[in-house]
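Topology and contacts: notes
Here is how the chains run, residue by residue.
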Amino acid sequence: MLFKISISGIKARWKDYLVLFSGMIITTAIFYMFEAISTNNKFTTSSPIGQNVKIVFIFGSILLAIITLVYVFYANNFLMSMREHDYGLFMMLGAKSGVISKLIIIETLAIGLISTVVGIIIGIGFTQVLSSFLASLIHMSLTHFSAFYMPAVIATIVLFAILFLIAGFLNARTFTKTSALQLLRSDQQSDWKQPKALTIATQAIAGVALLAGGYYAMYDIQQLKVMAIPIALVTIVLGTYFVFNSFFVMLLQAFQRSSISHSGLNSFTLAQLKFRIRDYTKILSVVSLLFALALGAITVGTGFQRMVPKLASGNGYYSVAITNPNYEMHSLVGQIKDKVTVTYQQKVDPQAKRVYYRRDQLKEQPLKYAAFVSRKTLASKTFTAKPSQFKHSDSPAYQELWGLQKPTIKAYQIKVVGQQAFNRVNAKTNQLLMVRANDMDAAAAPLTKITNLQTKQYGYQNGEQVGGSFTLYQSFKSIFGSLEFMGIFLGIAFLAMLASCLMFKILSGAASDKIRFDMLNKIGTRRSVLNRSIITQILVLFALPGILGILDVAFGLQMFAKGGLLMGGAYQTFGVTTAGFLVLYLIYFIVTVLIYSRIVVPKTKVER
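Let me begin by describing the structure that accompanies this report. (Residues numbered from 1 in each chain as written. Predicted model: local features only at pLDDT ≥ 70, side-chain atom pairs only at ≥ 80, totals over all residues. Heavy atoms only, no water.)

Take the packing of helix 19 (residues 527–556) against helix 21 (residues 574–600) next. One can describe the packing of helix 19 onto helix 21 by two numbers: an axis separation of 10 Å at closest approach and a directional angle of 155°. One way to sum up the angle between helix 19 and helix 21 is to call them roughly antiparallel. When the axes of helix 19 and helix 21 are compared, the crossing they make is right-handed. Contacts from N531, I534, I535, Q537, I538, L539, F542, P545, G546, I550, V553 and A554 in helix 19 reach F574, T578, L582, Y585, Y588, F589, T592, V593, Y596, S597 and V600 in helix 21. (Axes fitted to C-alpha atoms, helices over the stretch in contact; angles between N-to-C directions. Helix = DSSP H or I, 4+ residues; strand = E, 2+ residues; numbered from the N terminus. Parallel < 35°, antiparallel > 145°, perpendicular 65-115°, else oblique. Left-handed = near helix turned anticlockwise from the far one by under 90°. Contact = heavy atoms within 4.5 Å.)

Written out as C-alpha cells, the structure is:
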C-alpha cells in the first residue's frame, strides 16, 4: 500500500521530478563512465596510457562523489518541500509518524533507483562513444577496454543507494520531528529576519577584503608558494559567504532607496529578493564555488591539452628519427604534409663503441635543435648546430643527435669525421632519417604508426623509447589528454548539479510566491510585467554566483600560470571555455524561469 502511495505521489508531480531525474541521470552516467575507466584493471595495466588515466579518473570519481552528496541532499530537500503539505495532511488524518517515515524512505529510494538505473544505461552509451573520443584525443588505442563493466555498475549502484538511503533517513527524521500543523503551513513560513545595519556593513567590508586577500594570494603564488593555496581557500570561501550575506543586501537596500524602485514592479522585485536573501546565502555561496570549480576544471583540462605540442617541440626539434627506413616507413613519412626532413649517413663500430657521422653532410644539412627561451610562455627557439659542437658531449647539438639514435647505440660515443675517415670505418653504412612535423596534432596518426613499427622492428623494451619529440608528445598526451577529458566531464557534472541545486532552491519557494503573484494577477497586473519581474529575480540569482565564479577562476589560474604547472597555457582557453560554460548555464536559467512562471503565474479563467 505504501509503495502504491509513493508511486502515485511521483506520478502526480512527474514534471517536477523530471527536473531531478535529468540532473541525477547526468550525474550517474558521468560517474559510471569514470568508474568504468578507472576500475578496469585489464585496461589500466595493459598500457602506460591506461596507468596514467587510472590515477586521473580515480581522483575525478572522488570529487564527483563528494559533490553528488551535496546535490542529492539539495534535490531531496526540494522534493520534500513539495510534499510537506501532503505529509501534514496524512498526519492530520491519523497516519502515524512511523508510516510517514517509511513512505518518505520508499519515495526517496524509488527516485534514486529509477534515476540510477537509467543513468547507468545512458552511462554505458556515453562510455562507448566517449572512449573513442578519448582514444582519438590521445592518439592511442584503448586495449582491453569495454563500455559495459560490471564492477563499475556495482560501484555506481552501491554509491547512489547509500546516498539516497542516507537522504531518506534524514528526511524521515526531519518530518517526524515536525508537527502536522507546521507541515500544513510550511508554505507560509519564512526564515527572514531584518539584519542590523552595523552587522551588514561589517560583513560587507570583511567579505570584500577576504576576497581581495584570496585573489592576491593566488596572484602572488611565486612569493607565497605553498601557503598561497590554504590562504586562498579559507579567504575565498569566507569572503564569498559574507559577500552574499551582506554586500548583496546592501545593494538591494541602496536600490530600494533609489528612484529605480519606483518604476513598474521593481519595488516588488527588490522586496522579493531581499525577502529571501538570508535563505539564499548558503546556496549562492555553494553555487559560486562550484561554478569556479567546474569552469576551472574545464579550463585547466583544455589548457593542459593545448600546451602539449609546445612542450614536446621545445624539448626536441625533430619529431621522430628512423634508422634505415623501408618502403613502408617512407610511405608513412610521405603522409605528413607540413614537415622538414634530413638524412645522415651513419656507421657503428661496436668494438670502439663509437658512432661515426660525415662532417660534410652536417655542414650541407646542419642539424637543428630546439631550446626553451621562456618556460613561462613555453616559447622555444630553433638553433643551427655547427660540426665543432659535436666534440663536447654536453652540448645541446650533441644531446639532440644522441637522443635521435637507436637505444642500442646510445651508450656509444658520437664522432664527426671527414669523408675519407668515414669511408675507412669497416662497418655497414646506415641511413638516419630525421623528420620534423610542424603540426604534430595533424601528423599524429602517421607518426604513431611509425613509432609502433619501430618499436616492433627493433624490439624496444625495458623503458627504451623511439628517438624524437613525438615520444614526449605521446607521454604528455596520455596524461594531459585524460586530464582534459576528465576536466570537461567533471565540469559538465558540476554544472548540472550546481545549476540544478540553485534551480531547486528557487523552485522550493515558488509555492509561497504563488500567493503574491496571484494577488498581482487579480488586481490587473499584466502577465508581461509579471514575467519581467520573474526573469529579473531569477537572473540576479543566477548571475551573481556566475560572475563571482568567473572571477575566482580568472585569479585562480595564476596558480597554474605562475606556479609552473600550466605555464603559458593557463589563459589560452579561458575565453572559449567560459563562453561555452555560460551557454549551458543559460539553458538552466531559461528552464528555471519557465517552470517557476508555470507555478506562480497560472492563467486565469478569462485568459483561457
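Okay, the nonpolar core next. In terms of nonpolar packing, the biggest core is built from 100 residues, with L64, L498 and Y596 touching the most fellow members. Top element by residues in this core is helix 11 (residues 266–314). It accounts for 19 residues. Here L64 is in contact with T27, I30, F31, F34, L490, A493, F494 and M497, once residues within four sequence places are set aside. Within the second largest apolar cluster, 24 residues are counted, among which are Y317, A321, L362 and V416. (Core = buried A, V, L, I, M, F, W, Y, C linked by side-chain atoms within 4.5 Å. Buried < 20%, exposed > 50% of the residue type's maximum accessible area, 1.4 Å probe, protein only.)

What follows is about the environment of K310. With respect to the helices and strands, the residue K310 is situated in helix 11. Between the C-alpha atom of K310 and that of A379, which follows or precedes it by 69 residues, the distance is 7.6 Å. Setting aside anything within four residues of it in sequence, one finds K310 in contact with F372, L378 and Q572.

Moving on to the packing of aromatic side chains. Across all of its chains, the model carries 10 aromatic pairs by this definition. Where F291 meets Y585, the ring centres are 5.0 Å apart and the plane angle is 75°; that geometry is what we call edge-to-face. Taken as a pair, F291 in helix 11 and Y585 in helix 21 lie far apart in primary sequence, 294 residues in all. Each member of the pair F291 and Y585 is classed as buried. Members of the aromatic cluster, joined through ring pairs, are F291, F542, F581, Y585 and F589. (Phe/Tyr/Trp six-rings, centres within 6.5 Å; stacked < 30°, edge-to-face > 60°.)

Turning our attention to a nonpolar patch on the surface. On the surface, a nonpolar cluster with roughly 620 Å² of combined accessible area is contributed by F148, M150, I154, V158, I162, I166 and L170. Summarising the element assignment, F148 is placed in the loop between helix 5 (97–138) and helix 6 (150–176). For F148, a relative accessible area of 44% puts it in the partly exposed group. (Patch = residues over 30% accessible without salt bridge, like charges linked within 9 Å, V, L, I, M, F, W, Y side chains within 5 Å. Areas by Shrake-Rupley, 256 points an atom, 1.4 Å probe, with all protein chains shown as cover. Salt bridge = Lys/Arg side-chain N within 4 Å of Asp/Glu carboxyl O.)

This part takes up the pairing of strand 3 (residues 354–358). Within strand 3, four of the five residues are buried, which leaves the element mostly enclosed by the surrounding structure. Looking at chain direction, strand 3 and strand 6 (residues 413–417) are connected through five bridges and run parallel. Across the sheet, R358 pairs through a bridge with V417, a residue of strand 6. (Pairing = 2+ DSSP bridges.)

This part takes up the sheet that holds strand 7 (residues 429–437). The strand order across the open sheet formed by five strands is 1-7-2-3-6, and the pairing between neighbours is mixed. The strands lining the two open edges of the sheet, one partner per strand, are strand 1 (320–323) and strand 6. The mean inter-strand angle of the sheet, taken between neighbouring strand axes irrespective of direction, is 30°. Contacts from helix 14 (residues 396–403) reach strand 3, strand 6 and strand 7, with the element oriented near 110° to strand 6.

Our next topic: the environment of A437. Looking at where A437 falls in the secondary structure, it is placed in strand 7. Separated by 119 residues in sequence, A437 and Y318 place their C-alpha atoms 7.5 Å apart. Setting aside anything within four residues of it in sequence, one finds A437 in contact with S319, I336, D338, A443 and L447.

The geometry of helix 8 (residues 197–219) relative to helix 19 is characterised by a closest axis approach of 8 Å and an angle of 30° between their N-to-C directions. For the element pair helix 8 / helix 19, the angle class is roughly parallel. Here L211, Y215 and M218 of helix 8 lie close against helix 19, whose contacting residues are L548, L551, D552, F555 and G556. Of the residues that constitute the contact of helix 8 with helix 19, the class distribution is six nonpolar, one polar and one charged. (Nonpolar A, V, L, I, M, F, W, Y, C, P; charged D, E, K, R; others polar.)

Any link to function would need more than the numbers given here.
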